[in-house]
Amino acid sequence: MRKALFRPAVALIALTVLVTTAGCGTSTSPPSPVRFGGGPKTGAALHTTPHGKRSLVQWPTKPITFQEESRVGGAGGNTPIGVTTLHGPKSGFTGKVWVWAPPEYYEKRNADKGFPVMEALPGAYGYPVNYWIGSDLKLEENLARWSKNGTSLPFIVVMPVLNPNDKQYYDGSDIPGQPKIGTWLSQDVPDLVRQNFRTLKTRDAWAIMGSSSGGFAALKNVLQNPGTFKVAIPNGPDIVPDSPLWNGHAKEERDNNPEELARRLTARGGPDVYLAFQDGSKEYTVLPKVRNFIARYGRGPVHTRLQIVPGGTHSAATYVQGMGEGTMRWVSAHMQGPTA
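About the thresholds
- Residues numbered from 1 in each chain as written.
- Predicted model: local features only at pLDDT ≥ 70, side-chain atom pairs only at ≥ 80, totals over all residues.
- Heavy atoms only, no water.
- Helix = DSSP H or I, 4+ residues; strand = E, 2+ residues; numbered from the N terminus.
- Expected span 1.5 Å × (residues − 1).
- Buried < 20%, exposed > 50% of the residue type's maximum accessible area, 1.4 Å probe, protein only.
- Arc of directions from axis to C-beta.
- Salt bridge = Lys/Arg side-chain N within 4 Å of Asp/Glu carboxyl O.
- Axes fitted to C-alpha atoms, helices over the stretch in contact; angles between N-to-C directions.
- Parallel < 35°, antiparallel > 145°, perpendicular 65-115°, else oblique.
- Left-handed = near helix turned anticlockwise from the far one by under 90°.
- Contact = heavy atoms within 4.5 Å.
- Nonpolar A, V, L, I, M, F, W, Y, C, P; charged D, E, K, R; others polar.
- pLDDT = per-residue confidence, 0-100.
- Bend = angle between axes of the 7 residues up to and from the residue.

Undergrad: Mind showing me how you'd approach helix α7 (residues 286-297) here?
TA: Each full turn of the α-helix corresponds to 3.6 residues, which orients residues three or four apart in the same direction. Taking 1.5 Å of rise per residue, the 12 residues of α7 would be expected to cover 16 Å, and the 17 Å separating its terminal C-alpha atoms lies within 8% of that figure. Turning to α7, its buried residues number three or more, namely V286, L287, V290, F293, I294 and Y297. Along the long axis of α7, the arc covered by the buried residues comes to 125°, so they all point the same way.

Undergrad: How should I be thinking about the pattern of salt bridges in this particular structure?
TA: Opposite charge on two side chains permits them to pair, given that their charged atoms come into close proximity. One pass over the full model with this rule turns up 11 salt bridges. D191 is paired through a salt bridge with R194; the nearest N and O atoms lie 2.8 Å apart. With D191 and R194 both in helix α3 (residues 181-196), this residue pair falls three residues apart, about one helical turn. Between D255 and K251 there is a salt bridge whose closest N-O contact spans 2.9 Å. Of this pair, D255 and K251 both sit in helix α5 (residues 250-255), separated by four residues, roughly a single helical turn. Note on K251: relative accessible area 58%, which makes it exposed.

Undergrad: So what exactly am I meant to see when it comes to the packing of helix α6 (residues 258-267) against α7 here?
TA: Each packed pair of helices is defined by two parameters, the angle between the axes and the distance between the axes. Contact geometry for α6 and α7: axes closest at 11 Å, N-to-C directions at 20°. Viewed along their axes, α6 and α7 adopt a mutual orientation that is roughly parallel. Crossing handedness for the pair α6 and α7: right-handed. For the pair α6 and α7, the contacting residues are P258, E259, A262 and R263 in the first and F293, R296 and Y297 in the second. Grouping the constituent residues of the contact of α6 with α7 by class yields four nonpolar, no polar and three charged.

Undergrad: Just to check I follow, could you spell out the confidence of the model for the protein for this structure?
TA: Any segment with low pLDDT has predicted coordinates that should not be analysed in fine detail. Confidence in the prediction for the protein averages 90 pLDDT; 86% of positions are at 70 or higher. Low confidence marks residues 1-28, where pLDDT is under 50. Its contacts with residues over four positions away, or in another chain, come to 62 contacts. Counted against residues more than four places away or in other chains, residues 40-48, with its pLDDT under 50, gives nine contacts.

Undergrad: Help me understand the packing of helix α4 (residues 213-224) against α6 in this model?
TA: Following both chains from N to C, one finds α4 and α6 inclined at 25°, their axes separated by 9 Å at the closest point. Judged by the angle between their axes, α4 and α6 are roughly parallel. Considering how the two elements wind past one another, α4 and α6 form a crossing that is left-handed. In this structure, α4 uses F216, L219, K220, L223 and Q224 to contact α6, whose residues at the interface are P258, L261, A262 and L265. For the contact of α4 with α6, the class distribution of residues is seven nonpolar, one polar and one charged.

Undergrad: Just checking my understanding: could you explain the side chain of T318 for this structure?
TA: Residue position: T318 is located in helix α8 (residues 316-333). Setting aside residues no more than four positions away along its own chain, T318 makes contact with G280, V309, G312 and T313.

Undergrad: Help me understand α8 in this model?
TA: In α8, a bend of some 60° at G324 exceeds every other bend along the element. By the burial criterion, the buried members of α8 are A316, T318, Y319, V320, G322, M323, G326, T327, M328, V331 and S332.

Written as structure tokens, this is what we have:
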């Protein structure tokens with residue numbers, strides 16, 4: 001159902017993104033190279049850890065140059081969104097990845113601090129663009145505003161493509177015989193961020209968010225990879241795998257089923273994960289499935305919260321609204337903020 005509901009909306013959103021991203025900020029200059037990295041070798045005195053303190057900062061290891069896609073205006077302070085084509089060394093998959101750092105990341109007072117990360121996944125096919133880069137949804141601008149008013153931590157946002165094409169759904173998973181999208185999302189993309197940004201050496205600083213098919217991928221990946229992600233924000237997700245590519249691979253499909261993954265995580269006693277579900281009140285098909293999952297599996301190490309947006313529909317705009325109405329405050333309360 002997530003795919004049938006999202007298909008018309010995503011076609012429109014993708015078109016909007018391609019037309020409008022150049023107007024995300026206030027800059028009218030041509031695209032330019034962007035580097036987010038900067039390691040402890042520059043300004044060594046600034047990066048000296050106080051005696052007796054163990055630093056949580058993960059310094060960039062292999063920074064590359066991104067191409068500037070657009071800029072984030074308003075509270076975003078004209079900060080750049082960069083894009084690169086990543087050849088995933090662990091998955092073998094090649095796809096585009098967009099990245100953004102909040103205004104606080106560039107402030108001198110934070111030059112020796114690592115920042116939390118949010119991986120943001122789109123709905124439907126999520127190819128060839130990730131619609132969270134679009135100026136219409138204003139995800140980055142809102143995150144910047146929320147961090148300024150104390151509603152949210154300041155997140156680095158990484159936005160990969162979700163699928164290798166717009167013909168099939170891969171459920172954010174390593175389906176046998178197919179591109180290893182699960183490894184791409186859970187290992188290659190986080191590694192790219194670690195190589196290029198000041199991040200933190202703790203799962204407490206990693207969240208994964210997604211809408212519809214991306215919401216399923218976010219839910220599945222935090223339950224499957226709790227050593228990497230502590231928090232998921234599944235927006236209007238399906239609860240079980242439904243790609244036709246699973247045919248003939250029942251065991252592997254079960255190993256990528258959030259219900260089974262939640263059961264296993266609870267049986268082994270953790271680690272704790274936090275699932276911040278979001279749904280519009282008009283999501284009549286999706287919402288009952290989410291409520292049932294919470295009732296059955298929201299116990300022990302699986303902590304859940306449901307943000308219902310009044311009048312909301314199965315749309316990315318609904319989910320951004322919900323993030324500002326309580327989700328990001330709850331998420332941030334369970335995560336590590338910027339620190340040295």
